[in-house]
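Read off the chains here:
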Amino acid sequence: MNSPVAYLDPVFGVTSALSKVDRAAHELRRGDALIIQSTSGNFAVIAAEAVSDPLLLNLQAHDANNWHLVVTGQRAVRIGFEVDAQDSVYQLKAKQPVTTKSVQELVDPTISLNADTDSQAHSWHIDTGDHIDGAAVLLLKHAGLLPACVVVPLKDRMLQDSVCIAEADIRAGISEQRETLHIVSRARVPLEDAENVEIVAFRPEDGGTEHLAIIVGQPDLNQPVMIRLHSECFTGDLLGSLRCDCGSQLRGAISLMAATEGGILLYLAQEGRGIGLINKLRAYQLQDSGLDTVDANFDLGFEEDERDYMPAVQMLKHLNVRQVRVLTNNPRKVNALSRLGVNVVERVAHVFPANRHNRGYLMTKGTRGGHLFDLSSLKEHG
Ligand SMILES: Nc1nc2c(ncn2[C@@H]2O[C@H](COP(=O)(O)OP(=O)(O)OP(=O)(O)O)[C@@H](O)[C@H]2O)c(=O)[nH]1
Ligand SMILES: [Zn+2]
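Residues numbered from 1 in each chain as written. Chains lettered and ligands numbered in written order. Predicted model: local features only at pLDDT ≥ 70, side-chain atom pairs only at ≥ 80, totals over all residues.

J.: Let's hear about helix α14 (residues 359–367): which residues, and what values?
T.: Among the residues of α14, Tyr 361, Leu 362 and Lys 365 are the ones counted as buried. The arc that holds every buried residue of α14, seen down its axis, measures 95°, which confines them to one face. (Buried ≥ 20, exposed ≤ 12 C-beta atoms within 10 Å, placed from the backbone. Helix = DSSP H or I, 4+ residues; strand = E, 2+ residues; numbered from the N terminus. Arc of directions from axis to C-beta.)

Next up, the structure:
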């Protein structure tokens with residue numbers, strides 16, 4: 001098959017699955033059609049966020065019965081379909097011609113906040129998604145986009161100048177990203193709360209998402225090392241947002257490590273529990289209209305927590321850390337580390353006073369997220 005993009009070059013070698021995933025993700029973010037190649041044929045995929053009237057008009061003129069919209073089970077349930085919500089994808093086929101506005105209202109609850117959405121489910125046929133739809137959703141999540149897209153089987157056609165990716169490369173590239181982290185640079189960076197700090201930067205082979213380890217003091221690697229898995233939070237860590245507890249947890253962990261036996265804070269590029277900053281801001285908008293942090297994720301089509309802790313495990317391995325004491329209130333972090341082979345000898349609570357903006361968020365973490373908080377203390381202080 002002739003691929004529009006040359007992945008094989010005698011001088012520069014074969015492009016890895018991960019590089020292909022990154023290119024494909026950028027193509028979707030730009031709103032261009034990406035071609036997914038598989039044993040069942042070639043499929044054009046366009047992020048639902050990028051749907052436009054000309055695209056829909058063309059589709060409805062040339063491929064009327066041949067295209068579908070992909071949504072996750074979480075979103076399908078929110079739209080009104082009675083299907084399995086978790087870890088599933090569905091195909092929606094329009095019963096009559098649709099507009100950009102109706103597609104956007106279907107996939108983006110922040111757009112449909114004030115819209116009459118009762119008729120949404122009635123305008124579409126629903127069917128279980130296939131492996132192409134599943135791979136497309138993986139890629140959309142990787143790109144930080146809403147997990148919804150238009151898919152058009154191409155039969156014998158190819159699209160000129162489009163980037164192509166094999167379905168198998170999507171899955172291989174995403175797991176390669178988790179498993180090939182290596183150290184690319186490190187430097188001493190004295191901090192206000194801890195003078196003796198070294199930052200170690202990790203990158204997957206062939207580029208991709210970078211993560212940091214912040215080594216505070218000189219932890220004894222022959223003893224259990226105090227660590228924190230801290231997921232990036234631009235709003236809390238950098239701006240001091242009062243909507244969450246991330247800023248206090250970040251500074252608090254570094255201060256504690258500096259004042260005690262030292263430790264390692266793994267700063268993971270997993271903004272918004274893995275849904276990305278833009279989607280987190282969408283989730284905040286939904287929370288301002290009454291949803292809690294878990295339902296806001298579901299409404300956007302995501303799972304409650306999209307994080308993967310394999311990068312953290314890889315970093316610990318590179319830093320020769322074998323046994324850990326984890327600063328966290330989140331039992332899922334402890335379970336994930338243990339499942340991935342890290343010896344967790346202790347969980348150390350990491351609670352900070354609530355304020356009037358984050359009290360509801362922290363309560364939800366305790367009641368729905370399984371976080372180990374003393375809920376009565378959240379009610380009283382802050
Ligand atoms: N999707 C979503 N993400 C949020 C929200 N509020 C904060 N976050 C993100 O949640 C993550 C915070 O995670 P962590 O600090 O690792 O905390 P945790 O899972 O609550 O567990 P701890 O270790 O106890 O802090 C960061 O990536 C934040 O950006 C929200 O309302 N919605
Ligand atoms: Zn935060």
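Alright, that's what it looks like, and here's the rest.
J.: For unusual backbone geometry, give the residues involved together with the corresponding values.
T.: Phi is positive for Asp 87, which is not a glycine, with a value near 45°. Position of Asp 87 relative to the elements: it lies in the loop between α3 (73–79) and β6 (89–94). Positive phi, close to 60°, is recorded for Asn 320, a residue that is not glycine. Tracing the chain through its elements places Asn 320 in the loop between α12 (310–318) and β15 (323–327). Residue classification places Asn 320 among the exposed residues on the basis of 8 C-beta atoms within 10 Å.

J.: Please give an account of the domain arrangement of the chain that cites residues and values.
T.: How big an interface is tends to be stated in terms of the accessible area lost upon association of its parts. Domain boundaries assigned for the chain yield domain 1 (8–175) and domain 2 (178–380). For domain 1 and domain 2, the distance between their C-alpha centres works out to 31 Å. Contacts between the two partners involve 20 residues from domain 1, matched on the other side by 20 residues from domain 2. The set of elements that each furnish at least two residues to the side of domain 1 that touches domain 2 consists of α1 (17–30), β5 (68–72) and α3. Counted by class, the side of domain 1 that touches domain 2 contains seven nonpolar, eight polar and five charged residues. (Domains from an automatic or database assignment. Contact = placed C-beta atoms within 7 Å. Nonpolar A, V, L, I, M, F, W, Y, C, P; charged D, E, K, R; others polar.)

J.: Would you mind going over α1 in detail, with residue names and values included?
T.: In this model, α1 (14 residues) spans 20 Å end to end at C-alpha, consistent with the 20 Å of a helix rising 1.5 Å per residue. The inward-facing, buried residues of α1 abut β3 (34–38), β4 (41–47), α5 (131–142), β9 (163–166), α6 (167–179) and β11 (197–204). Taken from the residues just after α1, Gly 31 is the one with a positive phi, measuring 90°. (Expected span 1.5 Å × (residues − 1).)

J.: Tell me about the sheet that holds β6, residues and numbers included.
T.: Across the sheet, seven strands lie side by side as β7-β6-β5-β8-β4-β3-β9; this open sheet has mixed pairing. Unpaired on one side and paired on the other, β7 (124–128) and β9 mark the two borders of the sheet. Averaged over neighbouring strand pairs, the angle between their axes works out to 30° when direction is ignored. The pairing of β6 with β7 spans five bridges and is antiparallel. Note on β7: the bridge partner recorded for Lys 93 is His 125. (Pairing = 2+ DSSP bridges. Axes fitted to C-alpha atoms, helices over the stretch in contact; angles between N-to-C directions.)

J.: Before we move on, can you summarise the sheet that holds strand β16 (residues 343–348) with the specific residues and values?
T.: Neighbouring strands of a sheet are bound in pairs by backbone hydrogen bonds; such pairs are parallel or else antiparallel. Read across the open sheet, the seven strands follow the order β10-β11-β12-β14-β13-β15-β16; overall the sheet is mixed. Sheet topology places β10 (181–188) and β16 at the edges, where each strand pairs with a single neighbour. Averaged over neighbouring strand pairs, the angle between their axes works out to 25° when direction is ignored. Relative to strand β14 (residues 263–268), strand β12 (residues 211–216) runs antiparallel, the two sharing five bridges. Bridged to Leu 212 within β14 is Tyr 267. Against the sheet, α12 makes contact with β10, β11, β12, β13 (225–231) and β14, and its axis sits at roughly 65° relative to β10, the strand it touches most.

J.: Outline the packing of α1 against α6, supporting the account with residue identities and numerical values.
T.: At their nearest, the axes of α1 and α6 sit 7 Å apart, and the two run at 105° to each other. Our classification of the angle between α1 and α6 gives roughly perpendicular. Residues Ala 17, Leu 18, Lys 20 and Val 21 of α1 pack against Asp 169, Ile 170, Ala 172, Gly 173, Ile 174, Glu 176 and Gln 177 of α6. In the contact of α1 with α6, the residues fall into six nonpolar, two polar and three charged. (Parallel < 35°, antiparallel > 145°, perpendicular 65-115°, else oblique.)

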